[in-house]
Each structure stands twice: as C-alpha cells, then as structure tokens.
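A structural walkthrough
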Amino acid sequence: MIRLIERIAYFISTTIKGIKTNLYLNAVTVITIAVAFLILNIFFMIYRNVNSLLGEWKGKIKIIAYVKDGVNDQQIIIIGNQIKSNEGINSVKYFSKQDALNEFRKELKGQDAILSGITQDVLPAYFLVTVKDSIITGKAIGKVVSFLKGISGITDVQYGEGIAERISGLLIIVKMLGFGIGGFMLFAIFIIVSNTIRISIFSRKDEIEIMKLVGATNSFIEIPFILEGMIQVVAGTGLSIVLLYLVYRIFMYKLHQNLGSLFVNINISFISKETMIALLACSALLGFAGAFASIGRFIRQSY
Amino acid sequence: MIQLFHIYKHYLKGSAALEDISMQVEKGEFVFITGPSGAGKTTLLKLMFLAELPTKGQIIVNGYNITRLRKTALPFLRRNIGVVFQDFKLLYDRTVFDNVALTLAVLGIPKKEIKKKVWEILKMVGLQHKLNALPIRLSGGEQQRVSIARALVNEPAILLADEPTGNLDPDLTVDVMKLFEEINIKGTTVVVATHDKNLISTYRKRVITLEHGRISEK
Ligand SMILES: Nc1ncnc2c1ncn2[C@@H]1O[C@H](COP(=O)(O)OP(=O)(O)O)[C@@H](O)[C@H]1O
Ligand SMILES: [Mg+2]
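A brief report on the enclosed structure follows.

The rules behind these values
Residues numbered from 1 in each chain as written. Chains lettered and ligands numbered in written order. Predicted model: local features only at pLDDT ≥ 70, side-chain atom pairs only at ≥ 80, totals over all residues. Heavy atoms only, no water. Pairing = 2+ DSSP bridges. Helix = DSSP H or I, 4+ residues; strand = E, 2+ residues; numbered from the N terminus. Axes fitted to C-alpha atoms, helices over the stretch in contact; angles between N-to-C directions. Contact = heavy atoms within 4.5 Å. Phe/Tyr/Trp six-rings, centres within 6.5 Å; stacked < 30°, edge-to-face > 60°. Buried < 20%, exposed > 50% of the residue type's maximum accessible area, 1.4 Å probe, protein only. Lys NZ or Arg CZ within 6 Å of the ring centre and 35° of its normal. Buried area = accessible area lost by both parts, 1.4 Å probe. Salt bridge = Lys/Arg side-chain N within 4 Å of Asp/Glu carboxyl O. Polar contact = N/O pair within 3.5 Å; in protein donor to acceptor, adjacent residues only side chain to side chain.

What follows is about the sheet that holds strand S2 (residues 89–95) of chain A. Residue and element names in this part refer to chain A. Taken together, four strands build an open sheet; the order of strands is S2-S3-S1-S4 and the sheet is antiparallel. Edge positions in the sheet fall to S2 and strand S4 (154–159), since each of these pairs with one other strand and no more. With strand direction ignored, the average angle separating the axes of adjacent strands in the sheet is 20 degrees. For strand S1 (residues 62–67) and S4, the ladder comprises five bridges, and the chain directions are antiparallel. Bridge pairing in S4 places Ile64 opposite Gln158. In this fold helix H6 (residues 140–150) packs onto S1, S2, strand S3 (126–131) and S4, with an angle of close to 160 degrees to the strand it touches most, S4.

Written out as structure tokens, the structure reads:
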C-alpha cells in the first residue's frame, strides 16, 4: 500500500518535472488545444441553442388544409379519416365555416371594425393538422403537405412559414460542420500531443536509456509521459471552457446592451454540464492516445 | 552464469566487431577481458546485458537464453546485472545521490530504503561527502566511482565493468579493485574489461584476450 502511494507520488512528481523542463512547449500545446476546443465548443453551443429553439417550434407546427365549398358532412368524415391514415400526422381537427369564423373573431378581438363585413360564407372550412415531431426534420413536411394536397376535397394547404423546416435544415448543416470540424480538431490535437510528447521523450533520451539499462520496465518509464499527454489535453479543454464562458458572457452582455428590451427574454444557454464532462473525458482519452502513439515509436522499440 | 556460443557481431557500418566468440564465465568467478583498443571488449560486455543484439549466436545468462528473451522480460534480466560503463553514462542534471538512486528507484523501492542503501554504497566508494554534488563538478575518477556505486547499489548477481579503472589514479584503482574483490567474495560474478596490462598482472584472475574481435589463444 505504502509502495503504491510512493509509486503514484513518483509518477506525479516525474510528470510535473517533465512538464517543467518543457514548460514553454507545454504552454503552447495547452493554448493550441484550448483554441481548437473553443471553436468546437462554439459549435456545441450553437447546436444546443438552435436545437432547443427547434424544440419550441416543434409543438407549434400547424398545417391548415382548406376544404372545398359544398363538401358535405359525410365527405368531411371520409377526408378526416384519410388525413389520419398518414403516418406523419399527430392530430387532426375539423373547423367548419362557423368554427372558422369564431376562431377568426377570437384572433382579432377588439378590432371589430375589420370583422364587420365578414360573414360565415367568406371563410372556408378547414382541417387543422399537427404533425409528429419526427416529421419536422428534412423534407418530411413537404411530403405531408403534398399528401394533403392530393386528397380530393382539399383546395389549398398552408403551413407555418417554413421556419421549423429551415431551422432543422440549418441544424443539419451545423451538425455536419460540427462533425467535420470536430473530427479535424481531434485529429489535429492528437498530432499536436503526440509531437509534444515526442519532444518530451527526446529531451529525456539519456535518462530513458539509463533507466532501461538499470532495469526499468517500459511502463514505469512511460506512465509519466502518458500523464503528461493527458494533462495537456485536459488542461487545454478546461481552459477552452473557461474561455468559452467569457466569450458567452461578453456576447450576452453586448446582445442585451445593443438590442435592449427587444430581446429581453432571449435565452441562450451555455454548453451543458454533461457536455463538459464528456469533453473532459474525451480529452483525457485523446491525451492518452496521443502520448501512447509516441511512446510506441520511441520508447518501446529501443532496447 | 554467462555462456556465449559462436557469437558474431557486425555493426551496421564498419566491419565485424566480434567473430565466432564462444566463452563461459562460471558463477562467482572473477574474469578479465583484455585486448588492445578496438578489439571488441566493450561490444562483448554490451551483448551480455543486451545493450546490443548479436548478429549471430546464442547467449545464456543466469540460465536464460537472452537472445530469445521477450522484450518485456529484459528489465528483469538487467536488474540482476550491474554495469559500469566506459563512458559512465551519468545524468549530468542530477545529483550524485539521484544518479545512484536511479537503479533502486526504477524498482519502486521505498525512499527511506533507497537513502540508506545509496549512503552505504557511496561510503564504500568514498564519495559520501559528494552526495548532493552534480557530476559535472566531479573529476573523471569521481564520476567513475559514481557509476560504480550505481552498478553495485542493488547488489547484483553479475557485475560487468568496462574499463572501471581507466580514470583512476593508482591508489583509487587499488580501492576499486578491492571493492570488486569484496563483492566477488560475497558471491557476485565479476567481469572486468580492461586494456591495462598492469591491472591484469597485479590481480591474478582468469584472462580472456580479444584480438580483432576473436579470442586469442596466447
Ligand atoms: N556503435 C558502434 N557502431 C559501429 N561500430 C562500432 C560501434 N561500437 C564499436 N564499434 C566498432 O567495433 C569494434 C570494437 O569496438 P569496441 O567493442 O568498443 O572495442 P574495445 O572496447 O575493445 O575498444 C571497433 O572497430 C569499433 O570501431
Ligand atoms: Mg571499450
């Protein structure tokens, strides 16, 4: 037990010594990683906020399918059933000409002047259709719309303003960009870490050689380098989260200052705690992998 | 303890350093390997702890065929072998203490024990007062003794010493040889490579003479 503690203490102090000897290099590595992760984190934030915005919109997606004048009640039931048969549809509600007028009145309460000339005959009857959440992404809405248009007895179909559709399109782009840039960043960080560790190994070449000659196992020599790699990436990620938070605060401050009351209740949230933990865990893994790659080439292969 | 069978060693550049060497060192023996500079003494020692791989042939150390040893087993072989290097191989940014302690530190031995053992061995080589000095501030002879202390601190079963008295004045040479004889009496197998004819004639031990990479019969 005491041996184990001593050993851990040895590894930690050796790691710290190693970082100190290449302090400048380590600092540059950490800052580079921080900047890379900052960019990645900004994507996370955009994604998270657009996603939640979309979530808000999802419930509000309504499609209105207008019914041809002169369609009788029997046909209305048939049309209603036809609409329901589509898999993407969540709910269907029929509004007769009278219902339509009532809704219209409700919406324009207090502006009776506009309503004065309007009678029941002016407004067409319609079906109010909501779609399932899963439908909102991609071109699925378009399919539902053309399905509705194809039903006989339906004259015209209106839905939202295509905002949800556009947002989900944007979200896909953000996601793809995030994956692309993220993948590239991870690769770049991997290369950076393995290079830094390689330099670290070279700067202690003599010591490693002698340690091997007096019987040190590879893992005994390697652990401090692995720790060094892990610390670099985790520290870089930690720093990037701090930077991101600063950027976020400044952005929010400027937003409120410039747009004032117009966007009082605009709510942009920071990356989630889970994301942070996942990022830090990934960083540790990435640091391990980067250091391991160099160790394989520069410690394991020599005698 | 150490057996070589038809050993050949060719470095990547240059001609053959060793050719068809077969020899044997018994457990507890004290052996000199001698010959002119460039004869292959250092190379021969290096093969015995696998600092170099032989081009051809088999080497048995302590019952293990080290030419067939898995890399992961190599450290455990080396823990039984103390090596005094011709070029010392000291770490010049570490104190004398840290240099000697390295042999024990890599075994994960507790600090307290390391301190005690390092102190004792430094006293034996007469450097206890230089504990905290950096090797760069030491004379060649003192550096040599640090490297001897590092090789002996773990009480190895085998000691391989490459020109261990090359930088020592006659008095210190006597001290170091006395030290080697002491540990030899305690059971350590000692192999000393030297080109110093006086040393060989003073200490009457078995001598293996190399010439141009071959064992010479005279
Ligand atoms: N690392 C090396 N690379 C190439 N040639 C070497 C190397 N080490 C030794 N040699 C050559 O091998 C021969 C034997 O050298 P060495 O074993 O050092 O002899 P000694 O210790 O008896 O002086 C010499 O010709 C030397 O030049
Ligand atoms: Mg030599």
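What follows is about the packing of aromatic side chains. Within the structure shown, the criterion is met by twelve aromatic pairs over all chains. Ring centres of Phe95 of chain A and Tyr126 of chain A lie 4.9 Å apart, and the angle between their planes is 15 degrees; this geometry places the pair in the stacked category. Placement of the pair is Phe95 of chain A in strand S2 and Tyr126 of chain A in strand S3, with a sequence separation of 31 residues. Taking relative accessible area as the criterion, Phe95 of chain A reaches 7% and is therefore assigned buried. Against the face of Tyr8 of chain B rests Lys56 of chain B, its NZ or CZ located 4.6 Å from the ring centre.

Let us look at the interface of chain A and chain B. Note on interface size: it is often stated as the accessible area lost on association of the parts. Of the residues lining the interface, 18 residues belong to chain A; the matching set on chain B comes to 25 residues. Counting each side, the surface lost to burial between chain A and chain B is near 2,000 Å², with a carbon and sulfur contribution of 63%. Where chain A meets chain B, there are two salt bridges. Residues Glu209 of chain A and Lys89 of chain B are paired through a salt bridge, measuring 3.2 Å at the closest nitrogen-oxygen approach. Along the contact surface separating chain A from chain B lie six residue pairs in polar contact (both at pLDDT 80 or more).

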